[in-house]
Amino acid sequence: MAKVKYSKSKTTAKKLQSTFTNTTTAAATPPNWPPFKPALPIAALDLQPPVPGYADKILVAHNFFPKSLCRDYVTFLNTLPLITTPGRPKRGEAVRVNDRYQIDDARFAQRLWLETGLKGLVLDDSVKHLWGGEPVGLNPSIRIYRYTKGQYFDAHYDDYNLVTLPSTTEPSGTNTRTVWTILLYLTSAAEGCIGGETVFYPHDRKVAKEEIAVGLETGMLLLHKHGEDCLLHEGREVLDGEKWVLRTDLCVRR
Ligand SMILES: O=C(O)CCC(=O)C(=O)O
Ligand SMILES: [Fe+2]
């Protein structure tokens, strides 16, 4: 397996974020995402720390999407032009070996924010202090990852981005900053995907005994703090089946 270079100095390591900068040059037409059916949320959602001790950095929400909707999405996403990672990462980039689709789609980001229960979930009194500002929406940069057997995303940090969200009241849009990464797992062992855990390393080094592994669960949302306080993390190698993930980020007003 190729190894990523990452520095113990966080400042240097933060350069790894270049993996995530928008590389879209021309405005692409957004895809016709399947409707959220049945209407969401199907049951009351809540955010829980998957492990004790890191409740201010890693949270999950079970059954954010029902399994049937995940299945519809995977079927649909299979029709999109996913691009396999170029073999050789640029200097300072984390090694990512997967198939990816990226689109700037503010309307879909808004649907994910307003039509799924996510907005209510993050504005709940129990968690609203965590975000470092007032959450106002999701990053329009939507990324879809498919990892097949042998694919993985090596250890890296996610940096923040400055994003302008469309607004009905502010003519030039709402200026925001991304604060937490949001991953929606669309497959898991239930669909035959083995491996692929998202693993966090709290002490800036990839040491097995310190790892916090979040296992795949179909329809589960994983949120983790990014930017300056991002934990070193990786998408562990998929051993069998396919791991499908949708990624966006939580945005706060700046
Ligand atoms: O696929 C995963 O589990 C991790 C993805 C990730 O780290 C990222 O999108 O930055
Ligand atoms: Fe990441």
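Reading the values: rules and limits
Throughout this document, residue positions are counted from 1 along each chain, in the order its sequence is written. Chains and ligands are labelled by the order in which they are written, letters from A for the one and numbers from 1 for the other. Predicted model: local features are reported for residues with pLDDT of at least 70 only, side-chain atom pairs are reported and counted for 80 or more only, and whole-chain, interface and lining totals are derived from all residues. Side-chain measures here rest on the full set of heavy atoms in the structure, leaving out hydrogens and waters. UniProt positions are given in the numbering used here, feature names are shortened, and annotations may be inferred rather than shown by experiment. Under the scheme used here, helices are H or I runs from DSSP no shorter than 4 residues and strands are E runs no shorter than 2 residues, and both carry numbers assigned from the N terminus. Per-residue accessibility, obtained with a 1.4 Å probe over protein chains only, is compared with the maximum for each type, and a residue is labelled buried under 20%, exposed over 50%, and partly exposed between these values. The contact criterion used is simple: two residues touch if any of their non-hydrogen atoms lie within 4.5 Å. Any pair of N or O atoms that falls within 3.5 Å is considered a polar contact. Within protein, one atom must be able to donate a hydrogen and the other to accept it, and sequence-neighbouring residues count only if both atoms are side-chain atoms. Proximity is defined per residue: if any heavy atom of the residue lies within 4 Å of a molecule or strand, that residue is considered near it. Classification convention: Asp, Glu, Lys, Arg as charged; Ala, Val, Leu, Ile, Met, Phe, Trp, Tyr, Cys, Pro as nonpolar; all other residues, Gly among them, as polar. As used here, the term nonpolar core means buried Ala, Val, Leu, Ile, Met, Phe, Trp, Tyr and Cys residues forming a set that is joined through side-chain atoms within 4.5 Å. Here a donor is an N, O or S atom found within 2.8 Å of the metal, or within 3.2 Å if the metal is Na, K or Ca; sites may look incomplete because water is not among the atoms. A site with four donors is called tetrahedral when every donor-metal-donor angle falls between 85 and 135 degrees; four donors are called square planar, and six octahedral, when opposite donors sit more than 155 degrees apart and all other angles fall between 65 and 115; any other arrangement is irregular. Strands qualify as paired when DSSP identifies two bridges or more between them. To be clear, the arc concerns the directions from the helix axis to the C-beta atoms.

- As recorded in an unreviewed UniProt entry, the protein goes by the name Fe2OG dioxygenase domain-containing protein, listed as coming from Pseudomassariella vexata.
- Per its UniProt entry, the protein bears the Cofactor (unreviewed entry) comment "L-ascorbate".

## Focus: the overall build of the protein
- What the protein contains, in helices and strands, is four helices and 16 strands.
- Looking at the 254 residues of the protein, the share that counts as buried comes to 51%.
- In the protein, once contacts between residues fewer than 6 apart in sequence are set aside, the share between residues at least 24 apart is 82%.

## As for the environment of Trp33
- Structurally, Trp33 is set in the loop between helix H1 (10–13) and strand E1 (58–61).
- For Trp33, a relative accessible area of 6% translates into the label buried.
- The spacing of Trp33 and Tyr73 is 40 residues in sequence and 7.9 Å in space, taken between C-alpha atoms.
- Sequence-distant contacts of Trp33, defined by excluding residues within four places in its chain, comprise Tyr73, Phe76, Leu77, Leu80, Tyr101, Ile103, Asp105, Phe108, Arg111, Ile142 and Ile144.
- At 2.8 Å, the side chain of Trp33 and the side chain of Asp105 are in polar contact.

## A few points about the site of ligand 1
- Around ligand 1, twelve residues are found, and the nearest of them are Tyr145, Tyr147, Thr198, Lys243 and Arg247.
- In the environment of ligand 1, an oxygen atom lies 2.8 Å from a nitrogen or oxygen atom belonging to the side chain of Tyr145.
- Elements with a contribution of two residues or more to the shell around ligand 1: strand E6 (141–147), strand E7 (152–156), strand E14 (232–235) and strand E16 (243–253).
- Looking at the shell around ligand 1 residue by residue, the class counts come to five nonpolar, four polar and three charged.

## Description of the nonpolar core
- Among the nonpolar cores identified, the biggest contains 43 residues, and Trp33, Phe65 and Trp131 are the most heavily contacted of them.
- Each residue touching Phe65, except ones within four places of it in the same chain, is listed here: Phe36, Leu40, Cys70, Tyr73, Leu112, Thr116, Leu184, Leu186 and Gly219.
- Core analysis: the second largest hydrophobic core is formed by 17 residues, Tyr145, Leu183, Val214 and Leu231 among them.

## Focus: the coordination of the iron ion (ligand 2)
- Each protein donor to the iron ion (ligand 2) is listed here as His156 (NE2), Asp158 (OD), Asp158 (OD) and His233 (NE2); together their distances run 2.0 to 2.8 Å.
- One can describe the site at the iron ion (ligand 2) as irregular: its six donor atoms subtend angles covering 51 to 171 degrees at the metal.

## Overview of the pairing of strand E9 (residues 174–185)
- Most of E9 sits out of view: ten of its twelve residues are buried.
- Where E9 meets E16, nine bridges bridge the pair, whose relative direction is antiparallel. Bridge pairing links Arg177 to Val252 in E16.
- Direction of pairing for E9 relative to strand E13 (residues 221–225): antiparallel, over a ladder of five bridges.

## Overview of helix H3 (residues 106–114)
- Where H3 is concerned, the buried positions are Phe108, Ala109, Leu112 and Trp113. Axial view of H3: buried residues confined to an arc of 145 degrees, hence all on one face.
- Here the buried face of H3 lies against helix H2 (67–77), helix H4 (118–123), strand E5 (135–138), E6 and E16.

## Points about H2
- Restricting attention to buried positions, one finds in H2 the residues Leu69, Cys70, Tyr73, Val74, Phe76 and Leu77. Summarising the axial view, the buried residues of H2 lie within an arc of 160 degrees, below the 170-degree limit, and thus occupy one face. Set apart from the buried face of H2 by more than 90 degrees, the exposed residues are Arg71 and Thr75.
- Where H2 is buried, its residues contact H3, E6, E9 and E16.

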